[in-house]
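Topology and contacts: notes
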Amino acid sequence: MQGALEVSGLAFAYDGAAAVRDVSLTVKPGEIVALLGANGAGKSTTVRMIAGVLRPQKGDIRFDGEVLSGSPSHHVVRRGITLVPEGRLVFPQMTVMENLQLGAHIKERGRIGALVDKAFTLFPRLAERRGQLAGSMSGGEQQMLAIARGLMAEPRLVILDEPSLGLMPKVTQEMFQLIEAVNRSGISVLLVEQNLHQSLRIAHRGYVLEKGAVVLAGTGEELLANAYVQRAFLGR
Ligand code: ATP
């Protein structure tokens, strides 16, 4: 099984202001790994570097043994990593089907139909709404569509940046179940979340970032039981 990510010593500053100072992490094939931390801890900056949206100023990124650091995002997508960015970025004036087809633009035309069918199997709610304009769907449905569109490039690793942001509790629960289903379909997942409890419950392992550096790492269970995590994030 593929989908192994190794990141070491990443650093990035925006105009001299350090956002990520020292981040090392791994995702093993088949894992769900949570990347946690407060607002501004550097989570999005980290995943933007992994996805090739930002060029790391220090550090090294390898995917399935090949060096990725410095590759542009379209190259990273072809190598098997897709980032679903924060904020449900779907095309509102296009239908569900059109959004999915756009996600498959790097694939051969003849394969797109099969990929859409696969997405509809994983996300039956989208199948029911294939002709609906994306902008008229609920927040949770738009987030589902954003993830499904990311999967159309057939990644071996999908990075989800705050998929539960702004969703109601019931929908959030459904979103986490869907993430587990995506993982069971054979895709490694790097999950950026502020929803610590639910993400650690589905994650095999997790990392906690603070001021641009990893301050804690462990299994989901270890982190949930950790006194620092309980104090800093769970208000106990
Ligand atoms: P959040 O959960 O709020 O998205 P985060 O952990 O993802 O936070 P980042 O978005 O990576 O954190 O931000 C890390 C730091 O970098 C913050 O201080 C933020 O203000 C800063 N930053 C992020 N994006 C930019 C940008 N485009 N230009 C300048 N500073 C930025």
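Labelled according to an unreviewed UniProt entry, the chain appears under the name Amino acid/amide ABC transporter ATP-binding protein 2, HAAT family, originating from Enhydrobacter aerosaccus. You can read under Sequence similarities (unreviewed entry) in the UniProt record for the chain the words "Belongs to the ABC transporter superfamily."

What to know about the side chain of Thr172
By the secondary structure assignment, Thr172 is in helix α7 (residues 169–184). For Thr172, a relative accessible area of 4% puts it in the buried group. Of the polar contacts made by the side chain of Thr172, one reaches the backbone oxygen of Leu167; its length is 3.3 Å. Those residues within four positions of Thr172 in sequence are excluded, and the remaining contacts are Ser164, Leu167, Asn195 and Gln198.

What to know about the site of the ligand
As a matter of local geometry, the ligand sits amid 13 residues, with Asn39, Gly40, Lys43, Ser44 and Thr45 nearest to it. In the model, a nitrogen atom of the ligand is placed 3.4 Å from a nitrogen or oxygen of the Tyr14 side chain. The dominant element in the shell around the ligand, judged by the number of residues it contributes, is helix α1 (residues 43–50), at three residues. Of the residues that constitute the shell around the ligand, the class distribution is four nonpolar, six polar and three charged.

Observations concerning the nonpolar core
Core analysis: the biggest nonpolar cluster contains 45 residues, and Leu100, Phe123, Leu126, Leu145, Val158, Leu160 and Ile179 have the highest contact counts within it. Dropping the residues within four chain positions of it, Leu160 is found in contact with Val84, Ile147, Ile179, Val189, Leu190, Leu191 and Val192.

So, unusual backbone geometry
Trans peptide bonds make up the majority, and among non-glycine residues the majority have a negative phi. Its identity as a non-glycine residue notwithstanding, Glu162 has a phi of 50°, on the positive side. Inspection of the secondary structure puts Glu162 in the loop between β7 (157–161) and α7. The backbone phi angle of Lys211 is positive, close to 45°, even though this residue is not glycine. Its place among the elements puts Lys211 in the loop between β9 (205–210) and β10 (213–219).

Overview of the pairing of strand β8 (residues 188–193)
For a regular strand, side-chain orientation follows a simple rule: the groups alternate between the two sheet faces. When you tally the buried positions in β8, you get six out of six residues, the bulk of the element. Side chains Ser188, Leu190 and Val192 project from β8 onto one buried face, and the interleaved Val189, Leu191 and Glu193 project onto a second face that is buried too. Here strand β3 (residues 32–36) runs beside β8; their pairing, made up of five bridges, is parallel. Opposite Ala34, over in β8, you have Leu191 as the bridge partner. Examined bridge by bridge, β7 and β8 share five bridges and lie parallel to one another.

Some words on the domain arrangement of the chain
Each assigned domain of the chain is listed with its residue range as follows: domain 1 (1–80 + 162–236) and domain 2 (92–154). The C-alpha-based centres of domain 1 and domain 2 are spaced at 24 Å. Tallying the contact residues gives 13 residues for domain 1 and 11 residues for domain 2. Taken over both partners, the interface formed by domain 1 and domain 2 buries close to 950 Å², and the fraction arising from carbon and sulfur atoms is 77%. The partner of Arg125 in a salt bridge is Glu174, and the shortest N-O contact between them spans 2.4 Å. Run the count over domain 1 and domain 2 and you get one residue pair in polar contact (both at pLDDT 80 or more). For the side of domain 1 that touches domain 2, the secondary-structure elements that each account for two or more residues are α2 (73–79) and α7. If one sorts the elements of the side of domain 1 that touches domain 2 by residue count, α7 sits on top with six residues. Its residues assigned to classes, the side of domain 1 that touches domain 2 shows nine nonpolar, one polar and three charged.

Topic: the pattern of salt bridges
Taken as a whole and judged by the stated rule, the model has nine salt bridges. Linking Asp64 and Arg156 is a salt bridge whose minimum nitrogen-to-oxygen distance equals 2.8 Å. You can see Asp64 sitting in the loop between β4 (58–63) and β5 (66–67) and its partner Arg156 sitting in the loop between α6 (139–151) and β7, a full 92 residues away along the chain. In this structure, Glu154 engages Lys118 in a salt bridge whose closest nitrogen and oxygen atoms are separated by 3.7 Å. Of this pair, Glu154 sits in the loop between α6 and β7 while Lys118 sits in helix α4 (residues 112–122), and the two are 36 residues apart along the sequence. Judged by relative accessible area, which is 53%, Lys118 ranks as exposed. Three or more residues are tied together by salt bridges with common partners; here these are Arg125, Arg129, Glu141 and Glu174.

Basis of the calculations
- Residues numbered from 1 in each chain as written.
- Predicted model: local features only at pLDDT ≥ 70, side-chain atom pairs only at ≥ 80, totals over all residues.
- Heavy atoms only, no water.
- UniProt positions renumbered as here; feature names shortened; annotations may be inferred.
- Helix = DSSP H or I, 4+ residues; strand = E, 2+ residues; numbered from the N terminus.
- Buried < 20%, exposed > 50% of the residue type's maximum accessible area, 1.4 Å probe, protein only.
- Polar contact = N/O pair within 3.5 Å; in protein donor to acceptor, adjacent residues only side chain to side chain.
- Contact = heavy atoms within 4.5 Å.
- Near = heavy atom within 4 Å.
- Nonpolar A, V, L, I, M, F, W, Y, C, P; charged D, E, K, R; others polar.
- Core = buried A, V, L, I, M, F, W, Y, C linked by side-chain atoms within 4.5 Å.
- Pairing = 2+ DSSP bridges.
- Domains from an automatic or database assignment.
- Buried area = accessible area lost by both parts, 1.4 Å probe.
- Salt bridge = Lys/Arg side-chain N within 4 Å of Asp/Glu carboxyl O.

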